[in-house]
Amino acid sequence: MNQTHEDTRVTDYALGELDAAARAAFEAELRESAELREELAGIESTLRALREEIGTTPKVALDEPRRERIRQELASATPRPKSRLRAVVFTAVTATAMAAGALVFVRSEGRAPSVTAVDRVASKYEKGMLGPQPTAAASAATGSKAKVDQERQAEGQRFQREAYDSFQDNPFIRVATDPRSTFSVDVDTASYALIRRHLNDGQLPPKGAVRIEEMINYFSYAYPEPEGDRPFSVSSEVGAAPWAPQHRLLKLGLKGKHVAPADVPGTNLVFLIDTSGSMSDENKLPLLKRAFELLVQQLDAVDRVSIVAYAGSAGLVLGPTPGNDKRAILSALDRLGAGGSTNGGQGIELAYKMANEGFVKGGVNRVVLATDGDFNVGVTSQSDLVELVEQKAKTGVFLSVLGFGSGNYNDSTMEKLADKGNGNYAYVDTLNEAKKVLVEQATGTLLTIAKDVKIQVEFNPSEVAAFRLIGYENRVLSHQDFNDDRKDAGEIGADHTVTALYEIVPAGRGLAVPGTDPLKYQTPGAPTGAAVKGELGTVKLRYKQPTGTESQLIEVAVRESGVTESSDFRFAAAVAELGMLLRDSPYKGSASYSEVVRLAQSGELDERRRELVDLAHKAEQLRR
Amino acid sequence: MQDGAAHWVMEALSRYEAALLRYATTLVGRSLAADVVQDTFLELCRAKREQVEGHLAAWLFTVCKHRALDVGKRERRLRSLEEAHVDEIPDSGPVSKLERREAASRVSAALAGLPEREREALVLKLDGGLSYKEIAEVMGLTPSNVGFILHGALKRLQREIVGEAEVPVRAAGRTS
């Protein structure tokens, strides 16, 4: 796509932000163009004026009491342990109390210590990976000692829960206020496996770890195969919302086309494996090795496998090797041992280099990062890493992340990496899960068939008073982003199913909309001729081909089907209901664990779905 | 306590306090800026050096920004409860009218009149000495967005300061 926009290189050049090559090219242009020289002179004189202005501003500095406060904090501060959530929480709270004890002269206004800023930074740090996560100390330290003592415990608990995240359930939105809902698809499933590990360990998962869309998408549903050359099909079903009998539930389903393994031109996989000391646990490296052995059985001569380890010094364990040379691959695997500290920065560069060397044109080219989350990038900053991953994704090498082990502090870091790398993020807690991710869904996990898939639903005011998107909280897009092809969104792999649920408050029955008041100054606008009865809304999807830059549009109208709900529908509703209970969602209504079990069991259960029933029972016991 | 660590944080303090104070002032006004900056360095005391090193500036400005946003929000809420002070609520961005009036020179007046995003990026660039990439981290943008915003800001300022009726705009074709 050829886009014309303003050329910012004059500014980039004046600010020293062009790299050597671009600078040389720009200087060559400068010599040719008087117009350009004039523009540069203008920018430079503006910059000079600004710098003078800043230079003449009186030198400001922090006052002495505040400096002293910082010195005291330094005296009492103990360095925070690395990537262990609970330890971090308690250290922070204890040190806060200690610091506050020494704090006699702080302001008398007595502002209540606030945690919101820290929460926001915390979530940004998880999502944006800017570096270490700030603690509660700074916010709380400005309050009085009594205040801190009083709120210490509550805050401690809050942090323990919230350091994972700080997202709220999507609220109900009135169609009169905003009839549209826009979000990016998400095929990650890690949250479900994380919840399973917590429940099997006899504890309720932290609410922030419960991402309902990832729970729903952990399961596959029977959706039709796409027709023609479309990469995926779109279908919908409407039924009752079990936890709010007066509300309706809309289930949207996408299914990626099936690609027979023989039709995949070839698979070039580079395993980037964390072999740091913490990976030696039975449920980490040994589990990965067993799963990997299973995957290798599926590969043949056209495929390539490389293995790069990172720990202390990054090392090439196996260069690109044909997939049928199983002996070489398996013996390289055997050589992997855990030990040393992590330096992922060099490892990832080496992995991408191998991916280039073994590049299979038109095939699957992917770096698979396997780690327990101690991803230390060494000299490179975290943002450089995200940028690298993003940039490599554009060259056709995608990144997938497999998370292992417990105490997985970097849950969101890994989600972010996979997200930027057009990949998937899965959490592997058992060999079964490893099989599901690496073997059974090998094509889905690995072969991307559509990228930047965005969904926009416009609801019909004649039928819908308000709606609420269940889950996808961190995938919500602004409405303008839907048609903006520069905005990145989620990917769909072969055979993947993506499911989204909307809870709907029907129009014209005088029902209250939870959490919102009716408008005082407006009545709903005039519906168009298209706003006919019986049509709930229109679903629009945009997607790009895996290597494309321009999006294509699909539009489908959604209607009440008038038949009883399918067992898939009831099962998806059960999963959502379980998620709402675990999140203690404000919208859970009459939700109950027994209803989750009843709904799930109303259809046929395979092993995977039976497990959900089992987890619902466990959660119910823990709740008591 | 290790003297080395103390030295490191205090060194960061003397290097960045002025820029952070001015940055916080653009976000929450002068009266609250010192608290925000103090809190930012309290955070730094608790961070591990090796995790901050290499992107210290971006880290400091990010923490400062979030702290400022939070303090600013609470302050506005408090003030809106006291009707007597309603007219002190910033009306267009956090730089208050009063402070804008104080801005004596044409340059600082032009700077204060910039859209918030442009002013923020400029302060981070010229005062904080941050690179595009670091600004991108602080503001949650991409580095090329930052270039675009700064370019727009400089063009606008040039028009304001130089009083040029028209500053030429060139377009370049780019493949994306």
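Anything mentioned here points back to the structure above.
Residues numbered from 1 in each chain as written. Chains lettered and ligands numbered in written order. Predicted model: local features only at pLDDT ≥ 70, side-chain atom pairs only at ≥ 80, totals over all residues. Heavy atoms only, no water.

Caption draft 1: Summary view of the overall build of chain B. Along chain B, the regular secondary structure elements total 9 helices and 1 strand. In chain B, the succession of α and β elements from N to C terminus is α-α-α-α-α-α-α-α-α-β. Every one of the 176 residues in chain B was classed for burial, and the buried ones make up 57%. Intrachain contacts of chain B at a sequence separation of at least 6 include 60% that bridge at least 24 residues. (Helix = DSSP H or I, 4+ residues; strand = E, 2+ residues; numbered from the N terminus. Buried < 20%, exposed > 50% of the residue type's maximum accessible area, 1.4 Å probe, protein only. Contact = heavy atoms within 4.5 Å.)

Caption draft 2: Local environment of the pattern of salt bridges. Scanning the model with the defined rule gives 33 salt bridges over all chains in all. With a closest N to O distance of 2.7 Å, glutamate 39 of chain A and lysine 155 of chain B form a salt bridge. In this pair, glutamate 39 of chain A sits in helix α3 (residues 34-56) while lysine 155 of chain B sits in helix α9 (residues 143-162), so the two residues belong to two different chains. This pair shows no difference in class: glutamate 39 of chain A is buried, exactly as lysine 155 of chain B is. With a closest N to O distance of 2.8 Å, glutamate 214 of chain A and arginine 211 of chain A form a salt bridge. Summarising the burial analysis for this pair, glutamate 214 of chain A and arginine 211 of chain A share the class buried. One network of salt bridges, with partners in common, ties together Asp7, Arg9 and Glu29 of chain A. (Salt bridge = Lys/Arg side-chain N within 4 Å of Asp/Glu carboxyl O.)

Caption draft 3: Examining the sheet that holds strand β9 (residues 364-371) of chain A more closely. Residues and elements named next belong to chain A. Here 6 strands make up an open sheet; going across it, the order is β8-β7-β6-β9-β10-β11 and the pairing mixed. If you trace the sheet from one side to the other, it starts and ends with β8 (315-322) and β11 (425-428), each paired once. Going from strand to strand, the sheet's axes swing by 15° on average, the running direction of each strand aside. Contacts from helix α12 (residues 326-335) reach β7 (304-310) and β8 within the one sheet, and its direction differs from that of β8 by about 165°. (Pairing = 2+ DSSP bridges. Axes fitted to C-alpha atoms, helices over the stretch in contact; angles between N-to-C directions.)

Caption draft 4: Quick look at the environment of alanine 328 of chain A. Position of alanine 328 of chain A among the secondary structure elements: in helix α12. Those residues in contact with alanine 328 of chain A that sit more than four places away from it in its chain are Leu318 and Thr321 of chain A.

Caption draft 5: Looking closely at the packing of aromatic side chains. All names here are of chain A. One pass over the structure, following the stated rule, counts 16 aromatic pairs over all chains. Here phenylalanine 271 and phenylalanine 292 contribute two aromatic rings whose centre-to-centre distance is 3.8 Å and whose plane-to-plane angle is 40°, an arrangement assigned as tilted. Residue phenylalanine 271 is found in strand β6 (residues 267-274), and its partner phenylalanine 292 is found in helix α11 (residues 285-296); the two are separated by 21 residues along the sequence. For phenylalanine 292, a relative accessible area of 0% corresponds to the buried category. Taking 4.4 Å as the distance between ring centres and 25° as the angle between the ring planes, the aromatic pair formed by phenylalanine 459 and phenylalanine 467 counts as stacked. Across the pair, exposure class does not vary: phenylalanine 459 and phenylalanine 467 are buried alike. Between the NZ or CZ atom of arginine 468 and the centre of the ring of phenylalanine 172, over which it lies, the distance is 5.7 Å. (Phe/Tyr/Trp six-rings, centres within 6.5 Å; stacked < 30°, edge-to-face > 60°. Lys NZ or Arg CZ within 6 Å of the ring centre and 35° of its normal.)

Caption draft 6: Region of interest: the packing of helix α19 (residues 593-601) of chain A against helix α20 (residues 607-623) of chain A. Residues and elements named next belong to chain A. Taken N-terminus to C-terminus, the directions of α19 and α20 make an angle of 170°; their axes are 9 Å apart at the nearest point. Classed by the angle they form, the pair α19 and α20 counts as roughly antiparallel. Between α19, through Tyr593, Val596, Val597, Ala600 and Gln601, and α20, the contact on the second element is made entirely by Leu612, Val613, Ala616, His617, Ala619, Glu620 and Arg623. (Parallel < 35°, antiparallel > 145°, perpendicular 65-115°, else oblique.)

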